[in-house]
Amino acid sequence: MIDLSTKYLGLTLPSPLIVGSCGLTNSLKGIQQCEEAGAGAVVLKSIFEEQIVADSDGLVPEGEGSLWHTEAYEYIRDYGHESAVSRFLDLVRETKKSVKIPVIASVHCLTPGSWIEFITRLQKAGADAIELNVNVLSSDTRLTGAEMESTYFTLAETLRKVTTIPVSLKIGYHFSSMAAVLFRLSHSGIKGLVLFNRPFFPDFDIDKMELMAGRAISGTQEYLMPLRWISMVSGRAGCDLCASTGVHDGKTAVKMLLAGASSVQVVSALYDKDIAHLGTMNNEIRSWMEQHGHQRIADFQGHLRQSESHNPAAYERVQFMRHSVGIE
Ligand SMILES: Cc1cc2nc3c(=O)[nH]c(=O)nc-3n(C[C@H](O)[C@H](O)[C@H](O)COP(=O)(O)O)c2cc1C
(Lines give C-alpha, C1' and ligand atoms only; values in the text may rest on other atoms or scores of the structure.)
Protein backbone atom coordinates (compact mmCIF):
# COMPACT_ATOMS: atom_id res chain seq x y z
CA MET A 1 0.00 0.00 0.00
CA ILE A 2 1.38 3.39 -1.01
CA ASP A 3 1.23 5.94 1.81
CA LEU A 4 1.16 9.57 0.62
CA SER A 5 1.10 11.10 4.09
CA THR A 6 3.78 13.56 5.10
CA LYS A 7 4.69 15.74 8.07
CA TYR A 8 4.72 19.48 7.57
CA LEU A 9 4.98 22.04 10.41
CA GLY A 10 4.51 19.16 12.84
CA LEU A 11 1.11 18.38 11.27
CA THR A 12 0.23 15.14 9.52
CA LEU A 13 -1.02 15.68 5.97
CA PRO A 14 -2.72 12.82 4.08
CA SER A 15 -1.04 14.05 0.87
CA PRO A 16 1.96 16.33 0.24
CA LEU A 17 -0.23 18.51 -2.01
CA ILE A 18 -1.40 21.69 -0.30
CA VAL A 19 -3.75 24.10 -2.00
CA GLY A 20 -1.88 27.40 -1.68
CA SER A 21 -3.43 30.69 -0.69
CA CYS A 22 -5.80 31.91 -3.43
CA GLY A 23 -9.47 32.51 -4.23
CA LEU A 24 -10.19 28.76 -4.16
CA THR A 25 -9.60 28.71 -0.40
CA ASN A 26 -11.66 31.79 0.37
CA SER A 27 -14.89 29.95 1.21
CA LEU A 28 -15.93 26.85 3.10
CA LYS A 29 -17.34 25.33 -0.09
CA GLY A 30 -14.07 25.81 -1.96
CA ILE A 31 -12.07 24.32 0.90
CA GLN A 32 -14.39 21.30 1.13
CA GLN A 33 -13.91 20.75 -2.61
CA CYS A 34 -10.14 20.84 -2.11
CA GLU A 35 -10.37 18.19 0.62
CA GLU A 36 -12.65 15.96 -1.47
CA ALA A 37 -10.27 16.24 -4.42
CA GLY A 38 -7.34 15.03 -2.31
CA ALA A 39 -5.61 18.08 -0.81
CA GLY A 40 -3.33 17.33 2.12
CA ALA A 41 -3.99 20.79 3.64
CA VAL A 42 -5.23 24.22 2.61
CA VAL A 43 -3.78 27.68 3.03
CA LEU A 44 -6.60 30.20 3.29
CA LYS A 45 -6.75 33.30 1.10
CA SER A 46 -4.54 35.90 2.82
CA ILE A 47 -5.79 38.59 5.11
CA PHE A 48 -3.71 41.75 4.87
CA GLU A 49 -1.80 43.55 7.60
CA GLU A 50 -3.44 46.85 6.63
CA GLN A 51 -6.85 45.24 6.81
CA ILE A 52 -6.28 43.90 10.30
CA VAL A 53 -4.82 47.13 11.58
CA ALA A 54 -7.58 49.24 10.01
CA ASP A 55 -10.20 46.97 11.48
CA SER A 56 -8.67 47.12 14.92
CA ASP A 57 -8.62 50.93 14.65
CA GLY A 58 -12.30 50.66 13.77
CA LEU A 59 -11.89 52.74 10.64
CA VAL A 60 -10.59 52.29 7.13
CA PRO A 61 -9.58 55.69 5.81
CA GLU A 62 -12.05 56.30 2.99
CA GLY A 63 -10.53 57.83 -0.11
CA GLU A 64 -6.99 57.17 1.02
CA GLY A 65 -6.57 53.98 -0.94
CA SER A 66 -3.66 55.27 -2.98
CA LEU A 67 -1.65 55.85 0.19
CA TRP A 68 -1.96 52.20 1.11
CA HIS A 69 -0.04 49.26 -0.04
CA THR A 70 -1.73 48.85 -3.46
CA GLU A 71 -2.24 45.11 -3.27
CA ALA A 72 -3.87 45.42 0.14
CA TYR A 73 -6.08 48.26 -1.04
CA GLU A 74 -7.29 46.21 -4.01
CA TYR A 75 -7.95 43.25 -1.76
CA ILE A 76 -9.94 45.36 0.66
CA ARG A 77 -11.89 46.99 -2.18
CA ASP A 78 -12.69 43.64 -3.79
CA TYR A 79 -13.42 41.59 -0.71
CA GLY A 80 -14.84 44.35 1.49
CA HIS A 81 -13.39 45.57 4.75
CA GLU A 82 -16.30 46.16 7.10
CA SER A 83 -16.03 42.92 8.97
CA ALA A 84 -13.16 41.34 7.13
CA VAL A 85 -11.40 40.31 10.30
CA SER A 86 -14.39 38.58 11.88
CA ARG A 87 -15.27 37.00 8.53
CA PHE A 88 -11.77 35.61 8.36
CA LEU A 89 -11.94 34.25 11.91
CA ASP A 90 -15.40 32.76 11.19
CA LEU A 91 -14.01 31.00 8.14
CA VAL A 92 -11.23 29.47 10.23
CA ARG A 93 -13.76 28.26 12.84
CA GLU A 94 -16.24 26.87 10.29
CA THR A 95 -13.51 25.19 8.29
CA LYS A 96 -12.04 23.55 11.35
CA LYS A 97 -15.45 22.09 12.17
CA SER A 98 -16.06 20.86 8.63
CA VAL A 99 -12.82 19.43 7.26
CA LYS A 100 -10.28 16.98 8.60
CA ILE A 101 -7.21 18.27 6.79
CA PRO A 102 -5.03 20.95 8.43
CA VAL A 103 -6.09 24.55 7.90
CA ILE A 104 -3.32 27.09 7.57
CA ALA A 105 -4.32 30.75 7.90
CA SER A 106 -2.40 33.17 5.69
CA VAL A 107 -1.49 36.68 6.80
CA HIS A 108 0.16 39.17 4.47
CA CYS A 109 2.45 41.56 6.26
CA LEU A 110 5.42 43.81 5.65
CA THR A 111 6.86 44.43 9.09
CA PRO A 112 6.16 43.40 12.69
CA GLY A 113 3.29 45.58 13.88
CA SER A 114 0.08 45.76 15.83
CA TRP A 115 -1.39 43.07 13.56
CA ILE A 116 0.70 40.58 15.53
CA GLU A 117 -1.96 40.62 18.26
CA PHE A 118 -4.29 39.24 15.63
CA ILE A 119 -2.27 36.04 15.65
CA THR A 120 -3.57 35.17 19.11
CA ARG A 121 -7.15 35.47 17.78
CA LEU A 122 -6.28 33.15 14.93
CA GLN A 123 -4.82 30.67 17.37
CA LYS A 124 -8.01 30.80 19.46
CA ALA A 125 -10.16 30.36 16.34
CA GLY A 126 -8.43 27.01 15.81
CA ALA A 127 -6.03 27.56 12.89
CA ASP A 128 -3.56 24.69 12.76
CA ALA A 129 -0.75 26.94 11.60
CA ILE A 130 -0.06 30.38 10.19
CA GLU A 131 1.66 31.19 6.93
CA LEU A 132 3.05 34.70 6.74
CA ASN A 133 3.32 36.06 3.28
CA VAL A 134 6.23 38.51 3.46
CA ASN A 135 7.23 39.79 0.09
CA VAL A 136 8.88 43.17 -0.13
CA LEU A 137 10.31 44.34 -3.45
CA SER A 138 13.76 45.87 -2.99
CA SER A 139 12.77 49.09 -4.74
CA ASP A 140 13.90 51.57 -2.07
CA THR A 141 17.24 53.00 -3.24
CA ARG A 142 18.13 53.99 0.33
CA LEU A 143 17.81 50.50 1.83
CA THR A 144 20.81 48.19 1.89
CA GLY A 145 20.52 44.43 1.48
CA ALA A 146 21.34 43.92 5.15
CA GLU A 147 18.57 46.33 6.21
CA MET A 148 16.04 44.54 4.01
CA GLU A 149 17.06 41.16 5.38
CA SER A 150 16.86 42.33 8.98
CA THR A 151 13.10 42.99 8.48
CA TYR A 152 12.65 39.27 7.90
CA PHE A 153 14.82 38.22 10.84
CA THR A 154 13.03 40.60 13.23
CA LEU A 155 9.69 39.30 12.07
CA ALA A 156 10.71 35.67 12.56
CA GLU A 157 12.05 36.45 16.03
CA THR A 158 8.87 38.31 17.07
CA LEU A 159 6.71 35.48 15.87
CA ARG A 160 8.70 32.88 17.72
CA LYS A 161 7.87 34.78 20.91
CA VAL A 162 4.14 35.31 20.38
CA THR A 163 2.91 32.13 18.71
CA THR A 164 1.86 28.82 20.17
CA ILE A 165 1.00 27.25 16.81
CA PRO A 166 3.51 26.61 14.02
CA VAL A 167 4.40 29.48 11.72
CA SER A 168 5.85 29.39 8.23
CA LEU A 169 7.19 32.28 6.16
CA LYS A 170 6.32 32.50 2.49
CA ILE A 171 8.98 34.64 0.88
CA GLY A 172 10.20 35.85 -2.48
CA TYR A 173 13.60 35.36 -4.05
CA HIS A 174 15.03 38.88 -4.11
CA PHE A 175 17.95 38.38 -1.78
CA SER A 176 21.54 38.96 -2.80
CA SER A 177 22.76 36.30 -0.42
CA MET A 178 19.98 33.81 -0.73
CA ALA A 179 21.62 30.77 0.90
CA ALA A 180 22.62 32.77 3.98
CA VAL A 181 19.14 34.28 4.37
CA LEU A 182 17.36 30.94 3.93
CA PHE A 183 19.75 29.21 6.31
CA ARG A 184 19.43 31.85 9.03
CA LEU A 185 15.64 32.12 8.71
CA SER A 186 15.26 28.35 8.82
CA HIS A 187 17.09 28.31 12.16
CA SER A 188 15.20 31.27 13.63
CA GLY A 189 12.47 29.26 15.34
CA ILE A 190 9.90 29.29 12.55
CA LYS A 191 8.66 25.85 11.52
CA GLY A 192 8.59 26.23 7.78
CA LEU A 193 9.73 28.21 4.75
CA VAL A 194 7.55 28.36 1.66
CA LEU A 195 9.77 28.81 -1.40
CA PHE A 196 8.69 30.93 -3.22
CA ASN A 197 5.87 33.37 -3.48
CA ARG A 198 5.16 34.33 -7.09
CA PRO A 199 4.89 38.11 -7.21
CA PHE A 200 2.59 40.22 -9.31
CA PHE A 201 4.40 41.46 -12.42
CA PRO A 202 3.35 44.59 -14.28
CA ASP A 203 3.48 44.33 -18.08
CA PHE A 204 3.08 46.91 -20.89
CA ASP A 205 0.18 47.24 -23.28
CA ILE A 206 2.05 48.78 -26.24
CA ASP A 207 -1.14 49.70 -28.16
CA LYS A 208 -2.84 51.55 -25.32
CA MET A 209 0.56 52.72 -24.06
CA GLU A 210 -0.22 51.78 -20.50
CA LEU A 211 0.56 49.33 -17.74
CA MET A 212 -1.33 46.06 -17.58
CA ALA A 213 -1.21 43.03 -15.32
CA GLY A 214 1.25 40.27 -16.18
CA ARG A 215 0.00 36.70 -16.28
CA ALA A 216 -1.36 35.72 -12.85
CA ILE A 217 -1.02 32.01 -13.58
CA SER A 218 2.44 30.45 -13.43
CA GLY A 219 4.03 28.57 -16.32
CA THR A 220 5.08 24.94 -16.16
CA GLN A 221 8.82 25.77 -16.18
CA GLU A 222 8.69 28.13 -13.20
CA TYR A 223 9.26 25.25 -10.78
CA LEU A 224 12.98 25.32 -11.63
CA MET A 225 13.71 28.24 -9.29
CA PRO A 226 12.22 26.64 -6.12
CA LEU A 227 13.61 23.26 -7.18
CA ARG A 228 17.17 24.58 -7.22
CA TRP A 229 16.94 26.41 -3.89
CA ILE A 230 15.14 23.65 -2.05
CA SER A 231 17.77 21.19 -3.31
CA MET A 232 20.56 23.41 -2.10
CA VAL A 233 19.15 24.33 1.32
CA SER A 234 17.25 21.24 2.40
CA GLY A 235 20.20 19.29 3.76
CA ARG A 236 21.11 22.17 6.07
CA ALA A 237 17.77 23.82 6.86
CA GLY A 238 16.51 24.00 10.41
CA CYS A 239 12.84 23.85 9.42
CA ASP A 240 10.50 22.23 6.89
CA LEU A 241 10.55 23.43 3.31
CA CYS A 242 7.41 23.70 1.24
CA ALA A 243 7.69 24.13 -2.53
CA SER A 244 5.58 26.75 -4.25
CA THR A 245 5.41 28.09 -7.83
CA GLY A 246 5.17 26.21 -11.05
CA VAL A 247 4.03 22.81 -9.77
CA HIS A 248 1.45 21.72 -12.34
CA ASP A 249 1.64 17.91 -12.24
CA GLY A 250 2.49 14.96 -10.04
CA LYS A 251 5.94 14.45 -11.57
CA THR A 252 6.97 18.00 -10.66
CA ALA A 253 5.67 17.44 -7.12
CA VAL A 254 7.89 14.30 -6.95
CA LYS A 255 10.89 16.43 -8.01
CA MET A 256 10.22 18.86 -5.15
CA LEU A 257 10.04 15.99 -2.65
CA LEU A 258 13.28 14.55 -4.08
CA ALA A 259 14.83 17.99 -3.57
CA GLY A 260 13.88 17.76 0.10
CA ALA A 261 10.54 19.56 0.38
CA SER A 262 8.12 17.99 2.82
CA SER A 263 5.09 19.39 1.01
CA VAL A 264 4.18 21.15 -2.21
CA GLN A 265 1.73 23.98 -2.84
CA VAL A 266 -0.43 24.07 -5.93
CA VAL A 267 -2.51 27.00 -7.21
CA SER A 268 -2.19 27.82 -10.91
CA ALA A 269 -2.64 24.21 -12.03
CA LEU A 270 -6.04 24.19 -10.31
CA TYR A 271 -7.08 27.40 -12.08
CA ASP A 272 -5.76 26.06 -15.39
CA LYS A 273 -7.58 22.74 -15.03
CA ASP A 274 -9.86 22.37 -12.00
CA ILE A 275 -9.76 21.34 -8.37
CA ALA A 276 -10.19 17.67 -9.35
CA HIS A 277 -6.68 17.88 -10.86
CA LEU A 278 -5.41 17.29 -7.32
CA GLY A 279 -6.66 13.69 -7.61
CA THR A 280 -4.74 13.22 -10.87
CA MET A 281 -1.60 14.64 -9.26
CA ASN A 282 -1.91 12.31 -6.26
CA ASN A 283 -2.29 9.37 -8.67
CA GLU A 284 0.79 10.45 -10.59
CA ILE A 285 2.83 10.59 -7.38
CA ARG A 286 1.48 7.17 -6.34
CA SER A 287 2.32 5.54 -9.64
CA TRP A 288 5.85 7.01 -9.65
CA MET A 289 6.36 5.63 -6.12
CA GLU A 290 5.07 2.22 -7.20
CA GLN A 291 7.37 2.21 -10.23
CA HIS A 292 10.37 3.06 -8.05
CA GLY A 293 9.53 0.73 -5.16
CA HIS A 294 8.77 3.41 -2.54
CA GLN A 295 5.97 3.01 -0.03
CA ARG A 296 6.31 6.23 1.92
CA ILE A 297 7.34 9.80 1.07
CA ALA A 298 10.18 9.51 3.60
CA ASP A 299 11.67 6.66 1.50
CA PHE A 300 12.77 9.12 -1.17
CA GLN A 301 12.43 12.63 0.28
CA GLY A 302 15.65 14.59 -0.23
CA HIS A 303 17.36 11.89 -2.31
CA LEU A 304 18.33 14.40 -5.01
CA ARG A 305 19.33 17.27 -2.74
CA GLN A 306 22.72 18.88 -3.20
CA SER A 307 24.22 17.55 0.03
CA GLU A 308 23.60 13.96 -1.12
CA SER A 309 24.96 14.50 -4.61
CA HIS A 310 28.30 13.26 -6.03
CA ASN A 311 28.36 16.42 -8.12
CA PRO A 312 27.27 19.29 -5.82
CA ALA A 313 28.83 21.92 -8.10
CA ALA A 314 26.20 21.14 -10.76
CA TYR A 315 23.49 22.63 -8.53
CA GLU A 316 25.36 25.93 -8.49
CA ARG A 317 26.11 26.16 -12.18
CA VAL A 318 24.60 29.29 -13.69
CA GLN A 319 26.23 29.51 -17.13
CA PHE A 320 24.92 27.55 -20.08
CA MET A 321 27.57 25.24 -21.48
CA ARG A 322 27.40 23.22 -24.66
CA HIS A 323 27.57 19.80 -23.05
CA SER A 324 24.92 20.62 -20.42
CA VAL A 325 22.24 22.12 -22.68
CA GLY A 326 23.00 20.24 -25.92
CA ILE A 327 21.56 22.86 -28.28
CA GLU A 328 24.65 24.69 -29.59
C1 LIG B 1 -5.71 34.14 -8.19
C2 LIG B 1 -4.57 34.05 -7.22
C3 LIG B 1 -4.71 34.59 -5.94
C4 LIG B 1 -3.65 34.51 -5.03
N5 LIG B 1 -3.80 35.03 -3.77
C6 LIG B 1 -2.79 34.89 -2.87
C7 LIG B 1 -2.93 35.35 -1.54
O8 LIG B 1 -3.94 35.90 -1.12
N9 LIG B 1 -1.89 35.17 -0.68
C10 LIG B 1 -0.71 34.55 -1.06
O11 LIG B 1 0.19 34.37 -0.23
N12 LIG B 1 -0.57 34.11 -2.33
C13 LIG B 1 -1.55 34.27 -3.22
N14 LIG B 1 -1.40 33.80 -4.50
C15 LIG B 1 -0.10 33.18 -4.86
C16 LIG B 1 -0.22 31.67 -4.77
O17 LIG B 1 -0.50 31.25 -3.44
C18 LIG B 1 1.09 31.00 -5.21
O19 LIG B 1 2.15 31.38 -4.35
C20 LIG B 1 1.49 31.37 -6.64
O21 LIG B 1 0.37 31.36 -7.50
C22 LIG B 1 2.55 30.39 -7.17
O23 LIG B 1 2.10 29.06 -7.15
P24 LIG B 1 1.52 28.34 -8.47
O25 LIG B 1 2.59 28.32 -9.47
O26 LIG B 1 1.12 26.96 -8.02
O27 LIG B 1 0.36 29.14 -8.91
C28 LIG B 1 -2.44 33.88 -5.42
C29 LIG B 1 -2.31 33.34 -6.72
C30 LIG B 1 -3.35 33.43 -7.61
C31 LIG B 1 -3.19 32.85 -8.99
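Residues numbered from 1 in each chain as written. Predicted model: local features only at pLDDT ≥ 70, side-chain atom pairs only at ≥ 80, totals over all residues. Heavy atoms only, no water.

Turning next to the nonpolar core. Counting residues in hydrophobic clusters, the biggest one holds 83 residues, and the most contacted among them are L132, L169 and L193. Top contributing element to this core by residue count: helix α9 (residues 250–259), with 6 residues. Not counting residues up to four positions away in its chain, the partners in contact with L169 are L132, V134, A156, L159, L185, I190, G192, L193 and V194. Judged by nonpolar contacts, the second largest core, of 11 residues, contains I18, A41, V43 and V194. (Core = buried A, V, L, I, M, F, W, Y, C linked by side-chain atoms within 4.5 Å. Buried < 20%, exposed > 50% of the residue type's maximum accessible area, 1.4 Å probe, protein only. Helix = DSSP H or I, 4+ residues; strand = E, 2+ residues; numbered from the N terminus. Contact = heavy atoms within 4.5 Å.)

So, on to the side chain of S218. For S218, the position within the fold is in the loop between β11 (210–213) and α8 (224–233). Reaching out from S218, the side chain makes a polar contact with the side chain of H248 at a distance of 3.0 Å. The contact partners of S218, leaving out residues within four places of it in the chain, are R198, G246, H248 and S268. (Polar contact = N/O pair within 3.5 Å; in protein donor to acceptor, adjacent residues only side chain to side chain.)

A few words now on the packing of aromatic side chains. The final tally for this structure, using the stated rule, is 4 aromatic pairs. For the pair F88 and F118, a centre-to-centre distance of 6.3 Å together with 40° between the ring planes defines the contact as tilted. Of this pair, F88 sits in helix α4 (residues 84–98) while F118 is found in helix α5 (residues 116–125), placing the two residues 30 residues apart along the sequence. Judged by its relative accessible area of 6%, F88 falls in the buried class. Geometrically, the ring pair formed by Y173 and F196 is edge-to-face, given 5.6 Å between the ring centres and 85° between the ring planes. One end of the pair, Y173, is in the loop between β8 (167–171) and α7 (178–186); the other, F196, is in the loop between β9 (192–195) and β10 (202–205), with 23 residues separating them in the sequence. We classify Y173 as partly exposed; its relative accessible area is 24%. Sitting over the ring of F153, R184 keeps its end group 3.8 Å from the ring centre. (Phe/Tyr/Trp six-rings, centres within 6.5 Å; stacked < 30°, edge-to-face > 60°. Lys NZ or Arg CZ within 6 Å of the ring centre and 35° of its normal.)

Here we take up the confidence of the model for the protein. Mean pLDDT for the protein: 90, with 89% of residues reaching 70 or above. Contacts of residues 58–69 to residues separated by more than four positions or lying in other chains number 14 contacts, the stretch itself having pLDDT below 50. (pLDDT = per-residue confidence, 0-100.)

It is worth spelling out a nonpolar patch on the surface at this point. Residues F204, I206 and L211 make up a contiguous nonpolar surface patch of roughly 390 Å² in combined accessible area. Within the element layout of this structure, L211 appears in strand β11. Assessed through its relative accessible area of 58%, L211 is described here as exposed. (Patch = residues over 30% accessible without salt bridge, like charges linked within 9 Å, V, L, I, M, F, W, Y side chains within 5 Å. Areas by Shrake-Rupley, 256 points an atom, 1.4 Å probe, with all protein chains shown as cover. Salt bridge = Lys/Arg side-chain N within 4 Å of Asp/Glu carboxyl O.)

Our focus in this paragraph is the site of the ligand. Taken together, 17 residues sit near the ligand, with S46, N133, S218, G246 and S268 positioned nearest. The contact in question runs from an oxygen atom of the ligand to an N or O atom on the backbone of G246, over 2.7 Å. For the ligand, whose unbound accessible area comes to 600 Å², protein coverage reaches 86%. (Near = heavy atom within 4 Å.)

We now examine the packing of α4 against α5. Where α4 meets α5, the closest approach of the two axes is 9 Å, and the angle between their N-to-C directions is 30°. Taken together, the axis directions place α4 and α5 in an arrangement best described as roughly parallel. Read as a crossing pair, α4 and α5 show a hand that is right-handed. Taking contact as the criterion, the partners of V85, F88, L89, V92 and R93 in α4 are, on α5, F118, R121, L122 and A125. Of the residues belonging to the contact of α4 with α5, the class tally is 7 nonpolar, no polar and 2 charged. (Axes fitted to C-alpha atoms, helices over the stretch in contact; angles between N-to-C directions. Parallel < 35°, antiparallel > 145°, perpendicular 65-115°, else oblique. Left-handed = near helix turned anticlockwise from the far one by under 90°. Nonpolar A, V, L, I, M, F, W, Y, C, P; charged D, E, K, R; others polar.)

A few words now on α9. By the criterion of burial, α9 is predominantly enclosed, with 8 of the 10 residues buried. Regarding α9, the residues found buried are G250, T252, A253, V254, M256, L257, L258 and A259. Where α9 is buried, its residues touch β3 (17–19), α8, β12 (240–243), β13 (263–266) and α11 (277–291). Backbone geometry just downstream of α9 places G260 in the positive-phi region, at approximately 120°.

With that settled, the discussion passes to unusual backbone geometry. A cis amide bond links L195 with the next residue in sequence, F196, at an omega value of 5°. Notably, L9 is not glycine yet its phi reads approximately 60°, a positive angle. Look at L9 and you get buried, because its relative accessible area is 3%. Despite not being glycine, M209 shows a phi value in the positive range, around 55°. Within the fold, M209 resides in the loop between β10 and β11. In this structure M209 comes out as exposed when scored by relative accessible area, which is 71%.

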